[in-house]
Amino acid sequence: MAEQRIRRVVIAGGGSAGWMTAAGMTRLLRRKVDEIVLVESSEIGTVGVGEATLPTIRFFNASLGLDEIDFIRRTDASFKLGIEFRDWSVPGRSFFHGFSDFGPPVRGISAHQMWLKSRAAGDETSYEKFSITSTAARLNRFAPPLPNRDSVLGSYSYGFHFDATLYAAYLRGYAESRGVRRVDARIVDVRLRAEDGHIQELVLDDGRTIGGDLFIDCSGFAGLLIGRALHAEFEDWSQWLPCNRAFAVPCAHGGDGLTPYTRSTARKAGWQWRIPLQHRVGNGHVFCDAFTSEDEARDTLLANLDGKPLADPRLIRFTTGRRREAWLKNCVAVGLSCGFLEPLESTSLHLIEIGIGRLIELFPDRVIEPRLADEYNRLMSRSFESIRDFIILHYHASQREEELWRHCRSMAIPDALRHQIELFRAGGQVALYDSGAFAEPSWVSIYFGQRIWPRRHDPMADLIADAELNRELEHRRRMVEGAARSLSEHHQFIDRYCQSSLPA
Ligand SMILES: Cc1cc2nc3c(=O)[nH]c(=O)nc-3n(C[C@H](O)[C@H](O)[C@H](O)COP(=O)(O)OP(=O)(O)OC[C@H]3O[C@@H](n4cnc5c(N)ncnc54)[C@H](O)[C@@H]3O)c2cc1C
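## A word on the packing of aromatic side chains
All told, the structure shown has 35 aromatic pairs when counted by the stated rule. Where Phe 390 meets Phe 438, the ring centres are 4.2 Å apart and the plane angle is 25°; that geometry is what we call stacked. Separated by 48 residues along the polypeptide, Phe 390 in helix 10 (residues 370-396) and Phe 438 in the loop between helix 12 (415-427) and helix 13 (440-449) bring together distant segments of the chain. Given the relative accessible area of 0%, Phe 390 is considered buried. Using a relative accessible area of 4% as the deciding quantity, one classes Phe 438 as buried. Through pairs of rings, three or more aromatic residues link up here, namely Phe 71, Phe 79, Phe 142, Tyr 158, Phe 160, Phe 162, Tyr 167, Tyr 170, Phe 493 and Tyr 497. Between Arg 388 and the ring centre of Trp 237, over which it is positioned, the NZ or CZ distance is 4.6 Å.

## Some points on the pattern of salt bridges
Using the criterion set out here, one finds 46 salt bridges in the structure. Ionic pairing is found between Arg 58 and Glu 68, a salt bridge with its closest N-O pair at 3.9 Å. Placement of the pair is Arg 58 in helix 2 (residues 56-64) and Glu 68 in helix 3 (residues 68-74), with a sequence separation of 10 residues. A residue is classified by how much of its surface remains accessible, and Arg 58, at 18% relative accessible area, is buried.

## What about the packing of helix 4 (residues 111-120) against helix 14 (residues 466-486)?
Interaxial distance between helix 4 and helix 14 falls to 11 Å at its minimum, and their mutual angle equals 120°. Handedness of the helix 4/helix 14 crossing: left-handed. Only Asp 466, Leu 469, Leu 473 and Arg 476 of helix 14 make contact with helix 4, whose side of the interface consists of Ala 111, Met 114, Trp 115, Lys 117 and Ser 118. Among the residues making up the contact of helix 4 with helix 14, the classes are represented as 5 nonpolar, 1 polar and 3 charged.

## Brief notes about the site of the ligand
Every one of the 33 residues lining the ligand counts as a neighbour, but Gly 14, Val 49, Ala 52, Ile 187 and Leu 349 are closest to it. Between the ligand and Ser 41, the relevant distance is 3.1 Å, taken from an oxygen atom to a main-chain nitrogen or oxygen of the residue. Contacts to the ligand include Val 49, whose backbone N or O atom sits 2.6 Å from an oxygen atom. Protein chains bury 96% of the 1000 Å² of accessible surface belonging to the ligand in isolation.

## Remarks on the side chain of Gln 113
When you line up the elements, Gln 113 lands in helix 4. A relative accessible area of 4% means that Gln 113 is categorised as buried. A distance of 3.4 Å separates a polar atom in the side chain of Gln 113 from the backbone oxygen of Gly 428. Contact partners of Gln 113, with chain neighbours within four places excluded, come to Gly 427, Gly 428, Gln 429, His 457, Asp 458 and Ala 461.

## A few points about the nonpolar core
Formed by 158 residues in total, the largest nonpolar core has its most connected members in Val 9, Leu 202 and Tyr 395. Broken down by element, this core gets its largest block of residues, 10 residues, from helix 10. Apart from the residues lying within four places of it in its own chain, the contact partners of Tyr 395 are Trp 88, Leu 241, Cys 243, Trp 271, Glu 342, Leu 344, Leu 404, Trp 405 and Cys 408.

## Let's talk about helix 10
Compared with the 39 Å implied by 1.5 Å per residue over 27 residues, the 38 Å span of helix 10 between its first and last C-alpha is a close match. Counting buried positions along helix 10 gives 19 out of 27 residues, so the element sits mostly inside the fold.

## With respect to the side chain of Thr 262
Secondary-structure assignment places Thr 262 in strand 15 (residues 262-267). Of note is the side chain of Thr 262, whose polar atom sits 2.9 Å from the side chain of His 161. Among all residues touching Thr 262, those that are not within four sequence positions of it are Ala 52, Lys 80, Gly 82, Ile 83, Glu 84, His 161, Arg 274 and Ile 275.

## Quick look at the environment of Cys 498
Secondary-structure assignment places Cys 498 in the segment after helix 15 (490-497). Spatially, the C-alpha atom of Cys 498 lies 36 Å from that of Gln 450, the residues being 48 residues apart in sequence. Dropping the residues within four chain positions of it, Cys 498 is found in contact with Ile 69, Ile 72, Arg 73, Phe 79, Gln 278 and Phe 493.

## Brief notes about the environment of Leu 81
Looking at the secondary structure, you find Leu 81 in the loop between strand 3 (78-80) and strand 4 (82-86). Expressed as a C-alpha distance, the spacing of Leu 81 and Gln 499, which sit 418 residues apart in the sequence, is 18 Å.

## As for the packing of helix 1 (residues 16-25) against helix 9 (residues 348-361)
Two measures define how a pair of helices packs: the angle their axes make with one another and the distance between the axes. Running from N to C, helix 1 and helix 9 point in directions that differ by 35°, and their axes come no closer than 10 Å. By crossing handedness, the relation of helix 1 to helix 9 is classed as right-handed. Contacts from Ser 16, Ala 17, Met 20, Thr 21, Gly 24 and Met 25 in helix 1 reach Leu 349, Ile 352, Glu 353, Ile 356, Leu 359 and Ile 360 in helix 9. Residue composition of the contact of helix 1 with helix 9, by class: 8 nonpolar, 3 polar and 1 charged.

Rules used in this analysis
Residues numbered from 1 in each chain as written. Predicted model: local features only at pLDDT ≥ 70, side-chain atom pairs only at ≥ 80, totals over all residues. Heavy atoms only, no water. Phe/Tyr/Trp six-rings, centres within 6.5 Å; stacked < 30°, edge-to-face > 60°. Helix = DSSP H or I, 4+ residues; strand = E, 2+ residues; numbered from the N terminus. Buried < 20%, exposed > 50% of the residue type's maximum accessible area, 1.4 Å probe, protein only. Lys NZ or Arg CZ within 6 Å of the ring centre and 35° of its normal. Salt bridge = Lys/Arg side-chain N within 4 Å of Asp/Glu carboxyl O. Axes fitted to C-alpha atoms, helices over the stretch in contact; angles between N-to-C directions. Left-handed = near helix turned anticlockwise from the far one by under 90°. Contact = heavy atoms within 4.5 Å. Nonpolar A, V, L, I, M, F, W, Y, C, P; charged D, E, K, R; others polar. Near = heavy atom within 4 Å. Polar contact = N/O pair within 3.5 Å; in protein donor to acceptor, adjacent residues only side chain to side chain. Areas by Shrake-Rupley, 256 points an atom, 1.4 Å probe, with all protein chains shown as cover. Core = buried A, V, L, I, M, F, W, Y, C linked by side-chain atoms within 4.5 Å. Expected span 1.5 Å × (residues − 1).

And the structure:
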């Protein structure tokens, strides 16, 4: 029904969210959409952070047909096997959340239940020794997984660290070459249709207006369309995720070099990220201003860098939460305009990816069927809430003694998370509310890392005799260690196959 198809989609904003949306939607051109226009203001700029990703970014890039080596070279990227959490449970201890599991089940009994049984019998081998990504990361090794998923060398995944500004520029080239039209101007007003309150057009600072049938709000924290014009309610989650500020600063390489993992180090009133790219290291200190001053937070960041800072630290203010309705009338919010959960597990770009994917699946025609919006909002709520609870778990389970941490330990948590933790404490079962971002091994990594131990293992694990269990676990540990050692050094792999195209 060509006459019903959307004539023009207008994307407001050209950060990662705007250009990812534009690139993802090019495949709709001439089939479901006649024209895509993106309006951004080079005067305003972008939030300029967002450098660590989940493995799902690879599927997004693949869906665009991007060449991975070319993408790595042009975004100064390095590989990410997971996150090291330092000092999170108590100062001096570290644990790893890797993008792999702990090995296959035996007769239906999961690897973590086998490990719990062995632990109950006095075995002190760390569960991380069964994770290929944790083991490889600690050895600074990397190679892409083999296609054979039955092999330990085929049983893991990886994401990237990259320069988010270069990524947006890369996708801009992709989208423009496929017909997306870019307008560089400041949006000064959003006009609504009198009859139904839908967005009619954007008014630009040079007096032009841009009308459309569907508007995608990618204007970042400003939320120009979804918030300021349509007044979609923002659900504030700072009672559970109280951090509300970050200082970000790049620095030169030094010390630990090009590690194939992100590091998150807990601090007195928050935590610090370290994200190594090929030419520099991205750093930031996320904190809650109720528990430290901005000066102290900046000093903490600067005192804990690998090398010389390459700019002045930049302060970013935020409130954790999300729009209750990400799709309202003829406007869909994607990116920071839709919500922000703080960057602890690098989930913002992932939420953008799934936001775009679901929008494409549920893409409307000009008569925007409200059920499509309902379904979109239902799915996005589930994803946001599940990731929210996963992040809260990191804070709530910490045994640190400073004020922020005591607050997080004693705060009331969402019912779903309370159920998940209690279920795990009872017998090591993992309840999943959304299978999207974080599957069972991810939850287990945080439970064990934060020393939440089940009161007992699953009695089904007792079907495996002690001797068989010991043999199996020892065999696995050796296999994982051998496989990790067979991989290249991370920096050597990059030097050989995908060196950055930026000047040194
Ligand atoms: C401290 C911090 C750390 C983060 N770390 C990570 C991470 O490690 N991994 C991850 O996945 N995500 C991370 N994120 C999130 C990530 O940065 C964002 O999700 C991502 O960059 C998308 O941002 P955006 O495009 O929605 O907004 P922005 O980058 O802010 O872009 C907004 C766009 O809207 C335009 N705009 C705004 N107002 C107007 C106007 N009036 N007229 C015209 N144009 C306008 C701007 O010019 C810009 O182009 C982090 C975020 C923060 C705050």
